[in-house]
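Given next are the chains, with one letter for each unit.
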Amino acid sequence: MDTDRRITTDSSEKTTAVDKALAILEAFCYRESELSLASLSKLLNIPKTTLVSPLRTLEKWGYLYRIPVSGNYQLGYKAMQLNYHYRNALPILQYAKPILRDLQEKTGEIIYMVTHVNGQIFYLDCAFPSRIDIAYSTSGKTLLMHNTGSGKGMLANLPQAEVDAILDKYGLPYATPNTITDRGELMKELAKIREKGYSYDNGEESHNAYCISMPILDNTGIAVGAVSVSGSVVSMGGDKRLKYLPSLSHACQLLSQYNALFPVIHLPYGSSLS
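What you see is a predicted model, and the numbers here were worked out from it, not measured in a lab.

Enquirer: What is the right way to look at the overall build of the protein in this model?
Expert: The helix and strand tally for the protein stands at 10 helices and eight strands. For 274 residues, the compact-globule estimate of 2.2 N^0.38 gives 19 Å, and the C-alpha radius of gyration of the protein, at 20 Å, lies within 12% of that figure. Seen along its three principal axes, the alpha-carbon backbone of the protein occupies a region of about 60 × 45 × 35 Å. Every one of the 274 residues in the protein was classed for burial, and the buried ones make up 45%.

Here's what the structure looks like:
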């Protein structure tokens, strides 16, 4: 579920050219990889005439590319270049790569490492089996937290006030018949996860994606990230996943040494985090 990308400001704020440019860039996602001027105007609630100048500037600098045939826009090469620089600037990835690769080799399944940013899962890295020819989730992808193993594992280890703020902002939207959409039921699930120390995804975000996950905690016991072993219902359904728990636990223990390096951004929830 995407957040509302329209520009809205109160009377004390002024929408700047930078605001407009960033809103344009954030309008593009995997479901809307190509957008027309009219589509951008409607999506962002900005008049077409006002969008022309920032669009031309973004195109000039390589952050947008205008498709010659249709005249529509898509993200330019500079967006990918920034992702490359960002990944190289994250020291946690350098420490995590051999740990994730070792876990992948021990399990034979897909390994994901995530953090949470403003109340959503943010994918940092993955390790795929050499036989696989698709990439379900890769670095930079965001998802809601209530319907994945990693998301629920992190929610279970956040302050209750922050959990409430996350659910108030994003809700509990339906994704599959297995998605938990009742707040009380989710709270019970989070309590079980805290007790067990690990969480499941039972096809709650995608029909055939199952996983077992454990959170990475900081020195105060607050979740800064998570690692999951993911696969299909055939390999990961039911209690089959429990055989991966010792290897997953060992990987998370190693990664917990670097908990301060996870680029977590907590969703504000009134009082300052402690």
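Structure's up, so let's keep going.
Enquirer: Before we go on, may I ask you to explain the pattern of salt bridges in this structure?
Expert: Charged atoms that come close allow side chains of opposite charge to pair. In total, this model carries seven salt bridges according to the counting rule given. The shortest N-O distance in the salt bridge between R183 and D164 comes to 3.6 Å. Taken as a pair, R183 in helix α8 (residues 183-196) and D164 in helix α7 (residues 160-170) lie far apart in primary sequence, 19 residues in all.

Enquirer: Please explain the sheet that holds strand β6 (residues 199-202) as it appears in this structure.
Expert: The strands making up a sheet associate through backbone hydrogen bonding, with each pair oriented either parallel or antiparallel. The six strands are arranged β5-β4-β3-β8-β7-β6 in an open sheet whose pairing can be described as antiparallel. Edge positions in the open sheet fall to β5 (142-143) and β6, since each of these has one partner strand only.

Enquirer: What am I meant to see in the confidence of the model for the protein here?
Expert: Summing up the model confidence of the protein, the mean pLDDT is 90 and the portion of residues at 70 or higher is 90%. pLDDT under 50 marks residues 8-12. Its contacts with residues more than four places away, or in other chains, come to one contact.

Enquirer: Would you mind showing me how to read α8 here?
Expert: In an α-helix there are 3.6 residues to a turn, and that puts residues three or four apart on one side. Its 14 residues place the ends of α8 20 Å apart at the C-alpha level, agreeing with the 20 Å of an ideal helix rising 1.5 Å per residue. Within α8, burial applies to L186, L190 and I193. Mapping the buried residues of α8 onto a view down its axis gives an arc of 60°, with all of them on the same face. α8 presents K188, K192 and E195 as exposed residues on the side facing more than 90 degrees away from its buried surface. Buried residues along α8 sit against α6 (149-155), α7 and β6. Sitting at the head of α8, D182 places a side-chain oxygen 3.1 Å from the backbone nitrogen of G184. Of the residues flanking the end of α8, it is G197, one or two places downstream, whose phi is positive at about 90°.

Enquirer: Please explain the packing of aromatic side chains as it appears in this structure.
Expert: For any pair of aromatic rings, geometry is given as the distance between the ring centres together with the angle between the planes. For the structure shown, the criterion picks out four aromatic pairs. Taken together, a centroid distance of 5.8 Å and an interplanar angle of 50° make the contact between Y198 and Y200 tilted. Grouping residues by exposure puts Y198 and Y200 together as buried. In textbook terms, an aromatic cluster arises when at least three aromatic residues are bridged by ring pairs, as seen for Y112, Y123 and F128. Directly above the aromatic system of Y200 lies the positively charged group of K196, at a separation of 5.2 Å from the ring centroid. Sitting over the face of the ring of Y200, R241 holds its NZ or CZ atom 3.8 Å from the ring centroid.

Analysis parameters
Residues numbered from 1 in each chain as written. Predicted model: local features only at pLDDT ≥ 70, side-chain atom pairs only at ≥ 80, totals over all residues. Heavy atoms only, no water. Helix = DSSP H or I, 4+ residues; strand = E, 2+ residues; numbered from the N terminus. Rg over C-alpha atoms; globule rule 2.2 N^0.38 Å. Buried < 20%, exposed > 50% of the residue type's maximum accessible area, 1.4 Å probe, protein only. Salt bridge = Lys/Arg side-chain N within 4 Å of Asp/Glu carboxyl O. Pairing = 2+ DSSP bridges. pLDDT = per-residue confidence, 0-100. Contact = heavy atoms within 4.5 Å. Expected span 1.5 Å × (residues − 1). Arc of directions from axis to C-beta. Polar contact = N/O pair within 3.5 Å; in protein donor to acceptor, adjacent residues only side chain to side chain. Phe/Tyr/Trp six-rings, centres within 6.5 Å; stacked < 30°, edge-to-face > 60°. Lys NZ or Arg CZ within 6 Å of the ring centre and 35° of its normal.

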